[in-house]
Amino acid sequence: MASNRLPFTYQRAAGKLDRRPSPGGLVSALEPALTKQGGVWIGWPGIELRKGERLADDDLDYGLAPVRLTENDVQRYYHGFSNRTLWPLFHSLPDVTQFERRDWQVYADVNHRFADAVAKNAPESSLVWIHDYHLMLVPELVRRERPELRSAFFLHIPFPPYDVFRLCPWDRQLLRGVLACDLVGFHVPGYALNFLDCCERRLGLRVDRDKMVVEHGDRTIQVGDYPIGVEFGAFEATAMNQPSAPLGQERVVLGVDRLDYTKGIPERIRAFERLLELHPDHREKVVLLQLAVPSRSQVAEYRELKREIDELVGQVNGRFATAGWSPIRYLYRSVPRERLCALYRDAHAALVTPLRDGMNLVAKEYVACQVEDPGVLILSRMAGAAETMREALQVNPFDLDETASAIHRALSMEEDERASRMASLRRRERRDDLDSWTSTFLTAAEAHHAELQPLTAAEIEGWLRPFIKQYPLCLFLDYDGTLTPLVDHPSKAKLGRPMRRALEACAERDDTDVSIVSGRALGDVRKQVGDDRLIYAGNHGLEIEGPGIEHFSHEDLVHYAGRADALAEELDAVASFGAWTEAKGPTLTFHYRAVPRSKRRAMIDKVRTIMTSAGYQARDAHEAVEARPPIGWDKGRAVLHVLRDRYGPAWSEHVRVIYVGDDLTDEDAFRFLAGLSLTFRVGSADTPTAATHRLANTTAVQALLEWIGKRRVAKD
Ligand code: ADQ
């Protein structure tokens, strides 16, 4: 299991490491789970460890593996990107969200370190459970190092709607990071649906909202809602065994939170003030007891919040206090579990009014502790908990009048109503407790997940029909990896029969031009496809020919005639472990697909140096490096050349363009065509793309071509 914090935060006292439980809902939730399951907890110990220093875990039922962070890491990864960017953004508070590139870089770097620790510590065939917004890139990095491990991710905070999420400049990286898991869990269905929306709209992935799955390259990821619960039995037992809380004569309305601006503490104090204004009969009879555990005090917003609360408490107390009564008692500290349970039990009402909250455990802990005279839970509709805790008095925390009147109603509620509301709440929370959450989630993580339906004609129709309308179509297709599956040697990449038929059906149409744009030499790709009705662009478009188009060979190529042979010889000299050089006339490709991973880095570095020294441009391709003459030309320029030649400079007014490719070199075309056409990137979705859509494999490409070949033309 990996989470930002270890379950304990460490301090150095008299040369020794002291530990105390880490604050917050995540640790409260997970510690019991790991104690029961066993495993290794990977996280930050909250202190800079000295060289060789270990954390004792002999007294625990699980191991501890600390991730070492420097002061700068903590500033940028934790206080910075996690808590100044993701936390407010995911709580739909863009106004307080800051986007700092440097914070993002350190976040990515720290996520690498977490991933290394996971890869090192996860036993063979174990399940890796990664938690929360601090570690969203970890799943992808772990999968790279240990592809055989199953992994699951759980987000403890809300996942925001698309319109908010896309404000983050690194939104797509975050989605891809998490999508490396087999299961991605959220507290409530709304967050899971927001996530699917973002995958569809930001990554162009296919999603199925009935089965709650998303297609990511050749993998299908299950998404789901798993509302967390509390250790109901333990809270209940503790509440039963505590002496009365020293609460005085007044009735108590209780607030318990980490001091955080999402928890709505100032709004709550104002609502309580409103209660005293509207219902003076409660004066001297009720107190608001607000406990706030210190949190993230290094972030300026949190320090300001603390000041604001201090002042507000002072104001309200100043306004209403009498000789023997102050309306608000405010404790800024952590309270031991036993005392907390007694307070929960004895409070007449709990006021849980976050402005937004992933779930909120306080509401559930309060319910678990109602073992005597039943109290009333007042709960914000903006907490995930509100989705199931329907018997609570639900309020909009921004509506002070509504909250004030709910407090009044709670304080005036007859016992039978209190009892029946609380009985229902307790029944549900007892059943859906923490144990049940852990086992449901882990069972789902181990299960075999639903596959997404193969791409259907209806889906293709939905993408293409509104785009093509009545226009002719110009279709550009890469060859290897797009029309044929990737194989270990280019000579084995043969066009299958059904694909050939689909391609022919497109070529036969008067209203459809088909061009093949390949990195292969022109003659080679032409021979592979062997259909004279098509246009061919070889060597990434440096050479183009086909019906209705003048033969094109880039004019600067003459300067490179003859140089390629010498370069090929030099490259052959470093090609060991099954690597080889493909000479394609003006360009060359160095293939390293067969080379063991551990040998690749050094070989690629050498190859790139040789290419650049020979005056060529070295470009990454699919498990290959390409040497290209440094002519400002690529697949994007080739596409433009064909379009201009066939349709004139105003081509975009006469024709609709679709481009399908699987290779890094196709990205030049995707970028060039952005906003002007539909573009499809085929295959593994781990790499970023400028394409508008993804297609999982060549079967999906075939389905696309079949639809295009058979399409009916709209009349208007
Ligand atoms: P948090 O934002 O930390 O958790 P929450 O779920 O309310 O919020 O948990 C707070 C925890 O801290 C509770 O267990 C509570 O008892 C404890 N606590 C608060 N104040 C305290 C005090 N003064 N003294 C002692 N203990 C105190 C995040 C998400 C939530 C989600 C949880 C779990 O923000 O929405 O419910 O993770 O997934």
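Data block above holds the structure.
A few points on the structure. Note that the structure is a prediction, hence the values are computed from the model and not measured. (Residues numbered from 1 in each chain as written. Predicted model: local features only at pLDDT ≥ 70, side-chain atom pairs only at ≥ 80, totals over all residues. Heavy atoms only, no water.)

**A short note on the overall build of the protein**
Tallying secondary structure elements over the protein gives 23 helices and 29 strands in all. Taken over the C-alpha atoms alone, the protein extends approximately 100 × 70 × 45 Å along its principal axes. Burial statistics for the protein: of 716 residues in total, 58% are counted as buried. Long-range pairs, those at least 24 residues apart, make up 68% of the contacts in the protein with a sequence separation of at least 6. Carbon and sulfur atoms form 48% of the exposed surface of the protein, whose accessible area is close to 29600 Å². Side chains of the protein give 94 positive and 104 negative charges; the mean places of these two sets differ by 1 Å. (Helix = DSSP H or I, 4+ residues; strand = E, 2+ residues; numbered from the N terminus. Buried < 20%, exposed > 50% of the residue type's maximum accessible area, 1.4 Å probe, protein only. Contact = heavy atoms within 4.5 Å. Areas by Shrake-Rupley, 256 points an atom, 1.4 Å probe, with all protein chains shown as cover. Lys, Arg positive; Asp, Glu negative; His and termini not counted. Charge placed at Lys NZ, Arg CZ, Asp CG, Glu CD.)

**Regarding the nonpolar core**
General note: in soluble globular proteins, nonpolar side chains tend to be found buried as a group. Phe159, Leu174, Phe195, Leu377 and Leu379 are the most contacted members of the largest nonpolar core, which totals 164 residues. For this core, the element with the most residues is helix α3 (residues 101–121), which contributes 9 residues. When residues of this core are assigned to domains, at least three fall in each of domain 1 (2–225) and domain 2 (232–431). Setting aside chain neighbours within four positions, we find leucine 377 in contact with Ala350, Val352, Ala363, Tyr366, Val367, Met389, Ala392, Leu393, Met422 and Leu425. (Core = buried A, V, L, I, M, F, W, Y, C linked by side-chain atoms within 4.5 Å. Domains from an automatic or database assignment.)

**Let's talk about the sheet that holds strand β25 (residues 617–621)**
The strand order across the open sheet formed by 4 strands is β23-β24-β26-β25, and the pairing between neighbours is antiparallel. Each edge of the open sheet is held by one strand with a lone partner, namely β23 (580–584) and β25. If you compare each strand with its neighbour and ignore which way they point, the axes differ by 20° on average. For strand β24 (residues 587–591) and strand β26 (residues 624–628), the ladder comprises 4 bridges, and the chain directions are antiparallel. (Pairing = 2+ DSSP bridges. Axes fitted to C-alpha atoms, helices over the stretch in contact; angles between N-to-C directions.)

**Focus on helix α22 (residues 666–673)**
The buried count for α22 comes to 6 of 8 residues, which makes it a mostly enclosed element. If you check which residues of α22 are buried, you get Asp666, Glu667, Asp668, Ala669, Phe670 and Leu673. The inward-facing, buried residues of α22 contact β25, β26, α21 (635–647), β27 (656–661) and β28 (678–682). With its phi angle positive at about 85°, glycine 675 sits one or two positions after the end of α22.

**Points about the side chain of glutamate 250**
Within the secondary structure, glutamate 250 is located in the loop between α8 (232–241) and β12 (251–258). Within the buried set, glutamate 250 has no salt-bridge partner at all; the shortest N-O distance to an opposite charge, 5.9 Å, is to arginine 329. Discounting chain neighbours no more than four positions away, the residues touching glutamate 250 are Glu284, Lys285, Val286, Val287, Gly324 and Trp325. (Salt bridge = Lys/Arg side-chain N within 4 Å of Asp/Glu carboxyl O.)

**Re the sheet that holds strand β22 (residues 549–553)**
Taken in spatial order, the 8 strands make up an open sheet running β22-β21-β20-β19-β18-β27-β28-β29, and their pairing is mixed. Each edge of the sheet is formed by a strand with only one pairing partner; in this case those strands are β22 and β29 (693–695). Ignoring which end each strand starts from, the neighbouring axes of this sheet average 20° apart. Relative to strand β20 (residues 535–538), strand β19 (residues 512–517) is paired through 3 bridges, and the arrangement is parallel. Residue isoleucine 516 lies in a different strand from β20, and its bridge partner there is tyrosine 536. Set on the sheet, helix α16 (residues 457–468) makes contact with β18 (473–477), β27, β28 and β29; between it and β27 the angle comes to about 145°.

**Notes on the layout of surface pockets**
In this structure, the second largest pocket encloses a volume near 1400 Å³. Along its surface, the second largest pocket is lined by 36 residues, and Arg597, His622, Glu623, Ser684 and Thr687 are the ones closest to its centre. Looking at the lining of the second largest pocket, the elements that each hand over two or more residues are α4 (138–145), α20 (597–613), β25 and β28. It is α20 that provides the largest number of residues to the lining of the second largest pocket, a total of 5 residues. (1 Å grid on protein atoms, 1.4 Å probe; cavity = no way out; pocket = protein on both sides within 12 Å on 5 of 7 lines; lining within 4 Å. Points joined across faces, edges and corners; volume = space filled by probe spheres on them.)

**Some details on the site of the ligand**
Around the ligand there are 27 residues in total, and His156, Val335, Asp357, Met359 and Glu365 lie nearest to it. Here arginine 333 contributes a backbone N or O atom positioned 2.9 Å from a nitrogen atom of the ligand. Here the ligand loses 94% of its free accessible area of 720 Å² to cover by the protein chains. For the shell around the ligand, a count of residues per class yields 13 nonpolar, 8 polar and 6 charged. Of the domains in this structure, domain 1 (2–225) and domain 2 (232–431) are the two that each give at least three residues to the shell around the ligand. (Near = heavy atom within 4 Å. Polar contact = N/O pair within 3.5 Å; in protein donor to acceptor, adjacent residues only side chain to side chain. Nonpolar A, V, L, I, M, F, W, Y, C, P; charged D, E, K, R; others polar.)

**A closer look at the environment of methionine 422**
Tracing the backbone shows methionine 422 in helix α14 (residues 415–431). With 291 residues separating them along the chain, methionine 422 and histidine 131 place their C-alpha atoms 31 Å apart. Aside from chain neighbours lying at most four places away, what touches methionine 422 is Tyr366, Val367, Gln370, Pro374, Gly375 and Leu377.

**Considering the pairing of strand β16 (residues 376–380)**
Extensive coverage of β16 is indicated by the burial of 5 of its 5 residues. The sheet contact formed by strand β15 (residues 349–352) and β16 spans 4 bridges and is parallel. Bridge assignment links alanine 350 to a residue of β16, and that residue is leucine 377. Chirality of the crossover, the property in question, places the unit of β15, helix α12 (residues 361–368) and β16 among those that are right-handed. As defined by bridge partners, β16 adjoins strand β17 (residues 393–395) across 3 bridges and the pair is classed as parallel. Along β17, the bridge assignment pairs leucine 379 with glutamine 394. (Right-handed = clockwise from strand over helix to strand, strands pointing away.)

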